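Chain residues, written in single-letter form:
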Amino acid sequence: MLPAGTFNMSYEQDMAIIRTRFQWGAFITFLIALFALPLYVSDHWLTLANTIGYTLVAMLGLNILTGYCGQISIGQAAFVGVGAYTAAALGHHLGWSAWATLPFSAITAGFIGLIFGLPALRVKGFYLAMTTLGAQFMILYAFNHGGKLTGGITGLGVDRPAIGGFVFDSEEKFFYLIMIITIVMVFFAKNLVRTRTGRAFVAVRDNDLAAEVLGINLSYYKLLAFFICCVFAGVAGWLKIYHIGSAFPDHYPLMDSIWWLGFLIVGGLGSITGAIFGAVSYVMLLEWITILSPMLGNWFPGVSHQIFAALGLLITGLVIAVFIVFEPRGIHHRWELFKLYYRLLPFSY
Amino acid sequence: MGELAGYVITGISLGFIYGLVALGFVLVYKSSRILNFAVGEFLLVGAYVAWTARDAGWPLWATFLATIIAGAILGLLIERIALRPLIGQPILGVIMMTIALSVILRGTVMLIWGAISKVYQPRLFPAEPVQLGDIVIRQEYVWGFVTVAILLILFTYFFRYTTAGLAMRATSEDHQLARGTGIRVKSVFAQSWAICAIVAGVGGIILASITSVTLDLSQVGLKSIAVVLVGGLESIPGAIVAGLIIGIAEGLASGYIDPLVGGGISEVFAFAIAIVSLLIWPYGLFGLRRIERI
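Model, not experiment: these values are computed from the prediction. (Residues numbered from 1 in each chain as written. Chains lettered and ligands numbered in written order. Predicted model: local features only at pLDDT ≥ 70, side-chain atom pairs only at ≥ 80, totals over all residues.)

### Focus: the overall build of chain A
Regarding its fold elements, chain A presents 15 helices and four strands. Whereas a compact globule of 349 residues would reach a radius of gyration of roughly 20 Å, chain A reaches 21 Å, a difference of no more than 12%. Dimensions of chain A along its principal axes, counting C-alpha atoms only, are 65 × 50 × 50 Å. Nonlocal contacts in chain A, meaning residues at least 24 apart in sequence, comprise 75% of its contacts between residues at least 6 apart. (Helix = DSSP H or I, 4+ residues; strand = E, 2+ residues; numbered from the N terminus. Rg over C-alpha atoms; globule rule 2.2 N^0.38 Å. Contact = placed C-beta atoms within 7 Å.)

### Comments concerning the overall build of chain B
Check the secondary structure of chain B and you find twelve helices and two strands. For chain B, the succession of helices and strands along the chain, N to C, is α-α-α-α-β-β-α-α-α-α-α-α-α-α. Its C-alpha atoms give chain B a radius of gyration of 19 Å, within 12% of the compact-globule value 19 Å for 294 residues. A principal-axis box enclosing the C-alpha atoms of chain B has dimensions of 60 × 45 × 35 Å. Each of the 294 residues in chain B was classed as buried or not, and the buried ones make up 50%. (Buried ≥ 20, exposed ≤ 12 C-beta atoms within 10 Å, placed from the backbone.)

### A few points about the nonpolar core
Core analysis: the largest hydrophobic core is formed by 196 residues, its most contacted members being Phe232(A), Val21(B), Cys196(B) and Ala226(B). Per-element tally for this core: the top contributor is helix 8 (residues 185-210) of chain B, with 16 residues. Of the domains in this structure, domain 1 (41-252) and domain 2 (254-267 + 278-349) of chain A are the two that each give at least three residues to this core. (Core = buried A, V, L, I, M, F, W, Y, C linked by C-beta atoms within 7 Å. Domains from an automatic or database assignment.)

### Focus: the interface of chain B and chain A
Every contact between the two is made by 41 residues of chain B and, on the other side, 43 residues of chain A. Broken down by secondary-structure element, the contributors of at least two residues to the side of chain B that touches chain A are helix 4 (91-113), helix 9 (219-231) and helix 12 (265-280) of chain B. Residue classes in the side of chain B that touches chain A are distributed as 31 nonpolar, seven polar and three charged. (Nonpolar A, V, L, I, M, F, W, Y, C, P; charged D, E, K, R; others polar.)

### Here we look at the domain arrangement of chain A
Residues and elements named next belong to chain A. When its domains are assigned, chain A resolves into domain 1 (41-252) and domain 2 (254-267 + 278-349). Placing a centre on the C-alpha atoms of domain 1 and another on those of domain 2 gives a separation of 23 Å. Listed per partner, the contact involves 18 residues of domain 1 and 13 residues of domain 2. When residues of the side of domain 1 that touches domain 2 are traced back to their parent elements, those giving at least two are helix 4 (43-68) and helix 5 (76-93). For the side of domain 1 that touches domain 2, the element with the most residues is helix 4, which contributes eleven residues.

### Topic: the environment of Phe188(A)
As for its placement among the helices and strands, Phe188(A) is situated in helix 8 (residues 171-192). For Phe188(A) and Leu60(A), which are 128 residues apart along the polypeptide, the C-alpha to C-alpha distance reads 9.9 Å.

### Remarks on the packing of helix 5 (residues 139-161) of chain B against helix 8 of chain B
All names here are of chain B. Remark: helix 5 packs on helix 8, axes separated minimally by 9 Å, with the N-to-C direction vectors making an angle of 170 degrees. As judged from the angle between their axes, helix 5 and helix 8 are roughly antiparallel. Contacts between helix 5 and helix 8 involve Glu140, Trp143, Gly144, Thr147 and Leu151 on the former and, on the latter, Val199, Val202, Ile206, Ser209 and Ile210. (Axes fitted to C-alpha atoms, helices over the stretch in contact; angles between N-to-C directions. Parallel < 35°, antiparallel > 145°, perpendicular 65-115°, else oblique.)

### Some remarks on helix 2 (residues 39-55) of chain B
Its 17 residues place the ends of helix 2 of chain B 24 Å apart at the C-alpha level, agreeing with the 24 Å of an ideal helix rising 1.5 Å per residue. Within helix 2 of chain B, 15 of the 17 residues are buried, leaving the element largely enclosed by the surrounding structure. (Expected span 1.5 Å × (residues − 1).)

This is the structure in structure tokens:
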């Protein structure tokens, strides 16, 4: 619902993402605050912000596939890994610069995603969840046993990206790189779901047979959703590997795929804002558990050294379960309710 | 020849366990249309409960009984607390809920028992191997066969002749009609979850006595879901047959493909088979072909 007193007088106004002067002000203030972040927070928080950045890119892709197109994927972390390993292999073995590997990361991840998306043409729902789960295991197996190409369990190291003499080697410099790419990806995702393609995705999600009867080419759009999802994953992988500096199979575990899917539900499935809420709450929750677990370690003396892993599983799982039962539409829905509330504030009826 | 037979027999015994766990999965799916990704963690809980009982010096029958009771309680609790509120919710929410449950259970197991792998002390089954011609089999495998066979006979009896079993079959056909005949559909759901947790727990004991009691046991849960895909979601014989197929294939792969690729193929082989089988038979070997209407 629009704020009171705002009307659509033209098609451009109707299509605008940012409508009122207040929203423009808020948006620009947010951007300034975001890009000034390195001035007033420590490196630790910047690392968190960077993690949120590439988690968000991966989750945006997953949101397009699962939230908009309705195809469940439990293999996103592996597709992120494909992007990362493509960049690592090109950079490590062929000596390509980071910028040259970016498109290849995205495209390779996209095509690998297409291969594992093929079963989506014949099956859906649970069956598809299982194929993507299989993809997760098989891709990680390939990373572990790829010999020289992937470096096996020792992984591959990469050089930091650089423009001329300017090397992205600190959290602060990376922050700008990751944020710019993340904002571009958010913008792309936000607009994609408003196009003909995005509407086709939603139709496929709501009822694929009805969509087919309406003339939507099911195979084309399902595969396209897989491709776009994995392109996002590839970009996220590219960001992640240059942020960490090396590629290890353990950086792309099954649990990440599961958490991302879970926190998409927590954030709000099928909305870009929801993906942002999900990514932020996921990284923040993990951070909170990291702070909390040494304190709780005293309560469970027998398992003090695994307390982080155990509590991480327990609390994160509980958060997802509670959201599924009590607010399956996620934080995004609450946010919409809140916006509705304050826009109508004195006259709530 | 002896080598080949060895791989096949290892595969068959593994396959029976996969089949057993898959059977629990199929039961829950048939009665309540819920896909239970937590089945591997049920197995884990069963194995750890048995370890605690064994550690306290309980005899074999008491160990099994403890696991069965613990499994029943776990299944009933989970159905009541976590899944009953989700009746009628979209499939993604339900799948995510069972995944979240699996993670919660795993975290709880880690908190209670720690992440270090354990072995049953004293051993559950005697250590001397059984000699069959020139093939040597570990006793655990034999007892695995026996347990699975007993459970299968019990289930056949249960579904053919007991009221509860017939109610479960009726519920799997149609919820509305089952209600009409006076079956309490919700309590059937609860029973099917209890049975799922029990069979997974028993499978967990046998598997853990073959390898060791570790958190990695829950991998079998995911593999048994791959088994269900091959066998068909609605078919109990399909679960057993596909369990055997995947078990044997995995045994052979770990014998003959592992040396070529450097080990570990058995971790992914089940999924590879499942994906290929999905492309050929989308609804599994024995599954119902779904006809959808708008």
